[in-house]
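Next come the chains, spelled out residue by residue.
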Amino acid sequence: MTEKLHLATQLIHEEQRFDTVGGKTIKTINPAMYTGSTVLFDNCEDLRLANAGEYPGIVYGTDRLPPQRSFEKKMEELEGSALTRAFPSGISAIINTLLTFTSSGDHVLICDNVYGPTAAFCSKILSKYDVAIDFLPPDIGSNIVQYLQPNTRLIYLESPGSNTFELQDIPAITKQATKRDIITVVDNTWATPLFLNPFALGVDIIIQSVTKYISGHSDVLLGTVSVNQRYAEEFDNFYQVMETFAPPQDCYLALRGLKTLPVRLAYHQQAALEVAQWLEQQPSVERVLHPALPSHPQHHLWQRDFSGSSGLFAFLVHKKWEGPLLPQFVDNLDLFGIGYSWGGYKSLVTIGSSNRRKQGNYANRTVIRLNIGLEDPGDLINDLKKGFMVFQ
Ligand SMILES: Cc1ncc(COP(=O)(O)O)c(C=O)c1O
């Protein structure tokens, strides 16, 4: 094949390793599953090599069994990373990244709209090891320079950030960080590798909660860290020492999820926009927080950097409706499950406080977050109409 394949085709086309039976290869379309702790060696010489750290094969179940290796390889191709490693959850990927690249005496900057447990790990655990933490405004850009200190080692971004969906000006930040040799990390779970390429914007490390769109069916917990050439060896060494690994069954499901990701994301994008645009017209709605809507405060950044939008966004009802009627609105919905996480086929809703560590946007307001799944958007709108009846 000489022409370059389109992304959707690349994700499906895969070279497999096949066992043989009766001299014939077994050509199932999906890869073989391997599970296990012990991996047997052929002889004592192989064991000696393993003891010496020189065995070229897999020595143990934590040494990344084939389903994990296949998934990581596919992610490396998709994200353009020098190295991708899988973790048993998104938060585990985040924590291990922060542990690898920080030491006592370092200063770390974190966007104030990051996923709550990311912020909690920094404030409650990293700080114990004498790493100083400061939170950044969620819409930070070139004004990052005001926050930098001589010992700033790492800047952690999430764009759009959790629940309030502000975007950061990533290239403006990486421009300043690169000049000072500061590592930049971005949680790219919302956009997935399909709608944003953070490496092209100068980012060093990309986090994915594979739990969300990549696996896509709310039945997997998994995360990845993808690293550029500069930090690949340091990260790989850390990974090996920690003996972190990702369950083979979950890697298998994530690999399967990748094959349908373009189709699912296109649907999520369209359906979410339809619901978001409808919500903007509703009299009880004050504001819809969706980066692809022209009303979003950083819509210009979304237009400049992203090639699409996914199915997660939020909205605020007018303040007078934020009392006891709001839980009633949510309870009135039939098609939206009430629950955490997102990126799956079922639509979900959560409500929560918008408050940040710093005085941020929408202070003391309640944010209603919707994960638009793969249902028909007309049915979802009818369900929301039913919910809105409590405000009449
Ligand atoms: C933006 C973001 N990053 C990371 C995570 C953590 O992922 P996991 O649930 O796989 O630990 C979440 C979970 O909701 C998230 O929303």
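Calculation notes
- Residues numbered from 1 in each chain as written.
- Predicted model: local features only at pLDDT ≥ 70, side-chain atom pairs only at ≥ 80, totals over all residues.
- Heavy atoms only, no water.
- Pairing = 2+ DSSP bridges.
- Helix = DSSP H or I, 4+ residues; strand = E, 2+ residues; numbered from the N terminus.
- Contact = heavy atoms within 4.5 Å.
- Axes fitted to C-alpha atoms, helices over the stretch in contact; angles between N-to-C directions.
- Buried < 20%, exposed > 50% of the residue type's maximum accessible area, 1.4 Å probe, protein only.
- Left-handed = near helix turned anticlockwise from the far one by under 90°.
- Nonpolar A, V, L, I, M, F, W, Y, C, P; charged D, E, K, R; others polar.

**Student:** Whenever I open this one, the sheet that holds strand S11 (residues 312-317) confuses me. Can you help?
**Tutor:** Taken together, 5 strands build an open sheet; the order of strands is S10-S11-S14-S13-S12 and the sheet is mixed. The sheet is open, and its two borders are formed by strand S10 (285-289) and strand S12 (337-338), each paired with just one other strand. Bridge analysis of strand S13 (residues 348-353) against strand S14 (residues 366-371) gives 6 bridges, and the strand direction is antiparallel. Among the inter-strand pairings, Leu 348 is bridged to a residue of S14, identified as Asn 371. Packing of helix H9 (residues 248-280) onto the sheet brings it into contact with S10, S11 and S14, and relative to S11 it is tilted by some 10°.

**Student:** Teacher, can you tell me more about the pairing of strand S9 (residues 223-227) here?
**Tutor:** Working note: regular strand, side chains alternate between the two faces of the sheet. Along S9, 5 of the 5 residues are buried, which leaves the element largely enclosed by surrounding structure. With burial as the criterion, each face of S9 is covered, one bearing Gly 223, Val 225 and Val 227 and the other bearing Thr 224 and Ser 226. Sheet topology note: the strand S3 (residues 83-87)/S9 ladder contains 5 bridges and is antiparallel. Bridge pairing in S9 links Leu 83 to Val 227. Where strand S8 (residues 205-209) meets S9, 5 bridges bridge the pair, whose relative direction is antiparallel. Within the sheet, the bridge partner assigned to Ile 207 lies in S9 and is Val 225.

**Student:** Please explain the packing of H9 against helix H12 (residues 377-388) as it appears in this structure.
**Tutor:** In a packed pair of helices, the relevant descriptors are the angle between the two axes and the axis-to-axis distance. Between H9 and H12, whose axes approach to 10 Å, the crossing angle comes to 35°. Between H9 and H12 lies a crossing of right-handed hand. Across from Tyr 267, Ala 271, Glu 274, Val 275, Trp 278 and Leu 279 in H9, the residues of H12 making contact are Pro 377, Leu 380, Ile 381, Leu 384, Lys 385 and Phe 388. For the contact of H9 with H12, the class distribution of residues is 10 nonpolar, no polar and 2 charged.

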